[in-house]
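Survey of secondary and tertiary structure
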Amino acid sequence: EKIYNLCKDETLRELRAVKNRRFITVPFSASTLGVRIGSLAYNLAEAVVALANEEPLSSVDFSEVSITMDGNAGSQAVGSSGARAYTRLPVFNGTDLETFCPGGPNSNIRITDDVATADFPTLSNTKTITNTDEKFPGWGIALISICAVGAFLAFSFILYMVKKEKSGEPVFAAQSSTSMD
């Protein structure tokens, strides 16, 4: 409905984002503070850069999903956060937005499996990390477990002492001194 209203209004049709079909939708659940917010920020940044530079989206983070409205199909590139960019505009109330909106099918975003590594700049101060299969030693895990159990027992004993002190029966009481004169 919102895309239809953007394309219908003569003033809004002149916006570069509408002319070039640069529509991104975000589900409300991804826009609230939670675990998906980081993924949303990443997906939005990637989609905005792809839309601005007219580059395809990576299939690593986006997958193409077909949507059906009124028996006609459209398609969207859906990110892991739920952010969506249209790869083909849908039909709304019998109006094919693909033909109704300015621009053409070539304006839509694409998804590709190709990631051109030659386009990425190489840094001279990069550090190569090799996997040496170093794992945390077994004795370290045992030592941490023993320390955790010891800390739990010490804390439990402190709670027991406090409870006994409050009830008037101290765990440690001074011994009565008897002299041997």
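Residues numbered from 1 in each chain as written. Predicted model: local features only at pLDDT ≥ 70, side-chain atom pairs only at ≥ 80, totals over all residues. Heavy atoms only, no water.

Right, let's talk about the pattern of salt bridges for a bit. One pass over the structure, following the stated rule, counts one salt bridge. As a salt-bridge pair, lysine 164 and glutamate 169 come within 3.1 Å of each other at their nearest N and O atoms. Judged by its relative accessible area of 46%, glutamate 169 falls in the partly exposed class. (Salt bridge = Lys/Arg side-chain N within 4 Å of Asp/Glu carboxyl O. Buried < 20%, exposed > 50% of the residue type's maximum accessible area, 1.4 Å probe, protein only.)

Because each turn of an α-helix spans 3.6 residues, side chains separated by three or four positions in sequence point in the same direction. Look at helix H6 (residues 138–166): 43 Å from first C-alpha to last across 29 residues, which is about the 42 Å you get at 1.5 Å a residue. Positive backbone phi, approximately 90°, marks glycine 168, located one or two places after H6. (Helix = DSSP H or I, 4+ residues; strand = E, 2+ residues; numbered from the N terminus. Expected span 1.5 Å × (residues − 1).)

In this section: the environment of serine 81. Positionally, serine 81 belongs in the loop between strand E4 (72–79) and strand E5 (84–88). Measuring from C-alpha to C-alpha, the distance between serine 81 and leucine 40 comes to 4.9 Å, with 41 residues separating the pair along the chain. Contact partners of serine 81, with chain neighbours within four places excluded, come to Pro27, Ala30, Arg36, Ser39, Leu40 and Asn43. (Contact = heavy atoms within 4.5 Å.)

What follows covers the confidence of the model for the chain. Should pLDDT be low for a region, the predicted coordinates there are not to be read in detail. Of all residues in the chain, 72% attain a pLDDT of 70 or more, and the chain-wide mean is 75. Between the elements of the chain, mean pLDDT differs from a low of 63, seen in strand E8 (residues 111–112), to a high of 92, seen in H6. (pLDDT = per-residue confidence, 0-100.)

A separate point is a nonpolar patch on the surface. Where nonpolar side chains cluster on the molecular surface, the patch consists of Phe157, Tyr160, Val171 and Phe172 and spans about 400 Å² of accessible area. You can see valine 171 is positioned in the segment after H6. Overall, valine 171 belongs to the partly exposed group, its relative accessible area being 32%. (Patch = residues over 30% accessible without salt bridge, like charges linked within 9 Å, V, L, I, M, F, W, Y side chains within 5 Å. Areas by Shrake-Rupley, 256 points an atom, 1.4 Å probe, with all protein chains shown as cover.)

With 17 residues, helix H4 (residues 37–53) extends 24 Å from end C-alpha to end C-alpha; this agrees with the ideal 24 Å at 1.5 Å per step. Taken as a whole, H4 has its buried residues at Leu40, Asn43, Glu46, Ala47, Ala50 and Leu51. In an axial view of H4, the angular spread of the buried residues amounts to 140°, which keeps them on one side of the axis. Where H4 terminates, the next one or two residues include glutamate 54, which has phi positive at roughly 55°. (Arc of directions from axis to C-beta.)

What follows covers the side chain of arginine 13. Examined against the element boundaries, arginine 13 turns out to sit in the loop between helix H1 (2–8) and helix H2 (16–19). Buried charge without a partner: arginine 13 forms no salt bridge, and the closest opposite charge is glutamate 10, 4.6 Å away. Contact partners of arginine 13, with chain neighbours within four places excluded, come to Leu6, Cys7, Lys8, Val18, Lys19, Phe100 and Pro102. (Lys, Arg positive; Asp, Glu negative; His and termini not counted.)

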